[in-house]
Amino acid sequence: MTTIQKILFEYQDEKYGDFAAKLIPTLAREAFIGVRSPCYKEIIKRIKALPPQEARSFLKSLPHKYHEENALHIALINKIKNYDECLAELEDFLPYINNWAVSDALNPPAFKKNRQELLPKLQEWIKAPAPFTKRIGLLLLMKYFLDDAFKPEYLELPASIRSEEYYVNMMIAWFFAEALVKQWDSALPYITEKKLAPWPHNKAIQKACESFRVSPEHKEYLKTFRL
């Protein structure tokens, strides 16, 4: 057992491990140690107190055995302040991300500060065959490019995806539900003209209708386009 695995097991809660395994059904129960999310802040502090080579070795020792190691890995990537270093570490890790909880935890400040430089990478990841690489590309496009940096053409690539992967389709739906909230006029034609695959089309409408940020009038209008 590695030093970092030993630290993670100090925070083990087997009942929480049972609960987490139900939330992430794509992984076997034995992949979970059972570490609650608030514990990672303290765990990261302890890792920073270790010799620097411990963290470097951990980031390079892929694949990890436990889900919590992957969760810790993405949390450490989020802490990297240098953009190029952060991107390099993420690209090394991308092939090993195997569930939504790890992919959706990605949000490094270094990326947000350099989002225009990051944009070609997001577009590359969205086109990738690996489902969670694709999901990360969509997730960050949603987080960084639906507000002041928005351009209508950013909706085209997500709308073009046709996938059999549940977690990809759910991300497309989430993306367009957010687009309907933040960029109604640009996003609406993708619904009215049925440019999405049927499942994410209906799910995007559902999620938008569940949002308190969409007006009652817009919700009623969206419902008329359910397939």
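Here we summarise the structure given alongside this text. Just so we're clear, the structure is a prediction, and the values are computed from it rather than from any experiment.

On to helix 6 (residues 83-93), then. Turning to helix 6, its buried residues are Tyr 83, Cys 86, Leu 87, Glu 89, Leu 90 and Phe 93. For helix 6, the buried positions fall inside an angular range of 165° around the axis, keeping them on one side. Those residues of helix 6 that are buried lie in contact with helix 4 (52-60), helix 5 (67-78), helix 7 (100-103), helix 8 (109-113) and helix 9 (115-126). With a side-chain oxygen positioned 3.2 Å from the backbone nitrogen of Asp 84, the residue opening helix 6 is Asn 82.

On to helix 13 (residues 184-192), then. Helical geometry: 3.6 residues make up each α-helical turn, so side chains three or four residues apart lie on a common side. Of all the residues in helix 13, the buried ones are Trp 184, Ala 187, Leu 188, Tyr 190 and Ile 191. Seen end-on, helix 13 carries its buried residues on one side only, within an arc spanning 155°. If you follow the buried residues of helix 13, they end up packed against helix 11 (156-160), helix 12 (166-182), helix 14 (198-210) and helix 15 (216-223). Positive backbone phi, approximately 55°, marks Lys 194, located one or two places after helix 13.

Here the bond from Leu 62 into Pro 63 is cis, since omega is 0°, no more than 30 degrees from zero. Mapped onto the fold, Pro 63 is located in the loop between helix 4 and helix 5. The phi dihedral of Lys 194 falls on the positive side, at around 55°, and the residue is not glycine. Considering the arrangement of structural elements, one finds Lys 194 in the loop between helix 13 and helix 14.

Two numbers describe how helix 10 (residues 131-145) lies on helix 12: the axes approach to 9 Å, and their chain directions differ by 10°. Considering their axes alone, helix 10 and helix 12 lie roughly parallel with respect to each other. Together, Pro 131, Phe 132, Lys 134, Arg 135, Leu 138, Leu 139, Leu 141 and Met 142 of helix 10 and Tyr 167, Val 168, Met 170, Met 171, Ile 172, Trp 174, Phe 175 and Glu 178 of helix 12 make up the contact between the two elements. Per-class residue counts for the contact of helix 10 with helix 12 are 13 nonpolar, no polar and three charged.

Conventions adopted
Residues numbered from 1 in each chain as written. Predicted model: local features only at pLDDT ≥ 70, side-chain atom pairs only at ≥ 80, totals over all residues. Heavy atoms only, no water. Buried < 20%, exposed > 50% of the residue type's maximum accessible area, 1.4 Å probe, protein only. Helix = DSSP H or I, 4+ residues; strand = E, 2+ residues; numbered from the N terminus. Arc of directions from axis to C-beta. Contact = heavy atoms within 4.5 Å. Polar contact = N/O pair within 3.5 Å; in protein donor to acceptor, adjacent residues only side chain to side chain. Axes fitted to C-alpha atoms, helices over the stretch in contact; angles between N-to-C directions. Parallel < 35°, antiparallel > 145°, perpendicular 65-115°, else oblique. Nonpolar A, V, L, I, M, F, W, Y, C, P; charged D, E, K, R; others polar.

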